[in-house]
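# Secondary and tertiary structure notes
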Amino acid sequence: MTISTADRLVQLRKENGLSQEALASKLGVSRQAISKWERAEASPDTDNLIALAEIYGITLDALLDSEKEIPNAEPKAEPEAEKKDEKPIRHSLYPETANRMFRFPYPLVVIIAYLALSFGLKGVMGRSPWLVFSLLFLTIPMYYMLASACRMTSKRTFLFLMPVPILIITAYLFCGFVFGMWVKTLTLFLAIPLYYWCVAVYAKGNKRKKK
């Protein structure tokens, strides 16, 4: 990113009355990422550039062209009444982690791993490797549930979105297919209600503290 573009990002943000923290919250990135853009140390990707243009109410060309005049030349002043009632901005828990996870081609990695393991261990394993390693596909919804949880603004929601049920089912099927422990591992399912009960207790305790 050029210095002129970085300076323009600073100018646009200030003219729209946004702090780095507020802009980061709108984009779902960290304040450090905004700071790097504005110092020309890093460049926002295409999705973030489009989102910036929408936030500022200008076209993408206008966002990147520092020669064009920027509309709304004066910073927006917020009424005092609105400032008093303004709620604190709540940031995503792990915005950078979430963005990296969504960009990573995890399903493709799972397919490659499934084919490699199934072909590589064919004839070595006592049971069909195709059936056993098909459990890898259950990790795909777990992966994206975890990525979505990282974008949440509260730990309570983050914990509720954890893919615990799918994890337990995957562990049960693995123990059944590989070790034949279908009955002995049924107790694994007790972990599901126990986990959500613990999260509910945690959420209720935090609600009381806020009151």
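What this report covers is the structure whose coordinates are included nearby. The residue numbers shown here count from 1 along each chain, following its written sequence. Given that the model is predicted, a residue must reach a pLDDT of at least 70 before its local features are reported, and side-chain atom pairs must reach 80 or more before they are shown or counted; all residues, however, enter totals for whole chains, interfaces and linings. Only heavy atoms go into the side-chain values, all of them from the structure, while hydrogens and water stay out.

## Things to note about the packing of helix 7 (residues 95-103) against helix 10 (residues 139-150)
Direction vectors running N to C along helix 7 and helix 10 enclose 150°, while the axes themselves pass 8 Å from each other. By the angle between their directions, the pair helix 7 and helix 10 is classed as roughly antiparallel. Read as a crossing pair, helix 7 and helix 10 show a hand that is left-handed. Of the residues in helix 10, those touching helix 7 at Pro95, Thr97, Ala98, Arg100, Met101 and Phe102 are Tyr143, Tyr144, Leu146, Ala147, Ser148 and Cys150. Polar here means any residue outside two lists: the nonpolar Ala, Val, Leu, Ile, Met, Phe, Trp, Tyr, Cys and Pro, and the charged Asp, Glu, Lys and Arg; Gly therefore counts as polar. Here the contact of helix 7 with helix 10 is composed, by residue class, of nine nonpolar, two polar and one charged. Only the stretch in contact is used when a helix axis is fitted, and all axes are lines through C-alpha atoms; the angle between N-to-C directions ranges over 0 to 180 degrees. A helix here means a DSSP run of H or I that spans at least four residues, while a strand means a run of E at least two residues long, and both kinds are numbered starting from the N terminus. For this classification, under 35 degrees means roughly parallel, over 145 means roughly antiparallel, 65 to 115 means roughly perpendicular, and everything else is oblique. Crossing handedness: left-handed means the near helix sits turned counterclockwise from the far one by under a right angle, and right-handed means the same turn made clockwise. Contacts are assigned to residue pairs with any non-hydrogen atoms lying within 4.5 Å of each other.

## Here's the deal with the pattern of salt bridges
A pairing counts as a salt bridge when a side-chain nitrogen of Lys or Arg comes within 4 Å of a carboxyl oxygen of Asp or Glu. Under the counting rule described, the total for this entry stands at five salt bridges. Where Arg31 meets Glu21, a salt bridge forms, and the shortest distance between an N and an O atom there is 3.9 Å. Of the two residues, Arg31 is situated in helix 3 (residues 31-38) and Glu21 in helix 2 (residues 20-27); the sequence distance between them amounts to 10 residues. Relative accessibility decides the category of a residue: with a 1.4 Å probe and only protein chains considered, values under 20% of the type maximum give buried, values over 50% give exposed, and everything between is partly exposed. Of the residues examined, Arg31 reaches a relative accessible area of 32% and is grouped as partly exposed. Between Arg100 and Glu96 there is a salt bridge, and its shortest N-O distance comes to 3.9 Å. Taken together, the residues span about one helical turn, with Arg100 and Glu96 both in helix 7 at a distance of four residues.

## Description of the environment of Ala147
Among the secondary structure elements, Ala147 is positioned in helix 10. Judged by its relative accessible area of 0%, Ala147 is buried. When the C-alpha positions of Ala147 and Met101 are compared, they lie 5.9 Å apart, and in sequence the two are 46 residues distant. Beyond its immediate stretch of four places on either side in the chain, Ala147 contacts Ala98, Met101 and Phe102.

## A closer look at a nonpolar patch on the surface
A grouping of Ile111, Leu115, Phe119 and Phe137 is seen on the molecular surface, where their side chains present a nonpolar patch of about 360 Å² in accessible area. Mapped onto the fold, Ile111 is located in helix 8 (residues 106-120). Here, patches come from residues exposed beyond 30% relative accessible area and free of salt bridges, joined within 9 Å for like charges and within 5 Å for nonpolar side chains (Val, Leu, Ile, Met, Phe, Trp, Tyr). Method for areas: the Shrake-Rupley scheme with a 1.4 Å probe, in which residue coverage is limited to the protein chains shown.

## Side note on unusual backbone geometry
For residues other than glycine, phi is negative in most cases, and the peptide bonds are mostly trans. Even without a glycine there, the phi angle at Ala40 is positive, about 60°. You can see Ala40 is positioned in the loop between helix 3 and helix 4 (46-56).

## Notes on the environment of Gly57
Among the secondary structure elements, Gly57 is positioned in the loop between helix 4 and helix 5 (60-64). On the basis of relative accessible area, Gly57 is assigned to the exposed category, the value being 63%. Remark: the alpha-carbon pair of Gly57 and Asn16, spanning 41 residues in sequence, is separated by 9.9 Å.

## Focus: the side chain of Asn48
Mapped onto the fold, Asn48 is located in helix 4. Note on Asn48: relative accessible area 9%, which makes it buried. Not counting residues within four places of it along the chain, the set of residues in contact with Asn48 comprises Leu27, Val29, Trp37 and Arg103.

## Quick look at the nonpolar core
Within this scheme, the nonpolar core is defined by two criteria: the residues are buried Ala, Val, Leu, Ile, Met, Phe, Trp, Tyr or Cys, and they are joined through side-chain atoms within 4.5 Å. Among the nonpolar cores identified, the biggest contains 18 residues, and Leu52, Tyr56 and Leu63 are the most heavily contacted of them. Going through the elements one at a time, helix 1 (3-15), helix 2, helix 3, helix 4 and helix 5 are the ones with two or more residues in this core. Cys150, Phe158, Val164 and Ile168 belong to the second-largest nonpolar core, a separate cluster that totals eight residues.

## A word on helix 12 (residues 164-179)
Between its terminal C-alpha atoms helix 12 stretches 22 Å, which fits the 22 Å expected from 16 residues at 1.5 Å a residue. Along helix 12, the residues that are buried comprise Val164, Ile168, Thr170, Tyr172, Cys175, Gly176 and Phe177. Following helix 12 by one or two positions, Gly180 adopts a phi angle in the positive range, close to 70°. The span expected for a helix works out to 1.5 Å for each residue beyond the first.

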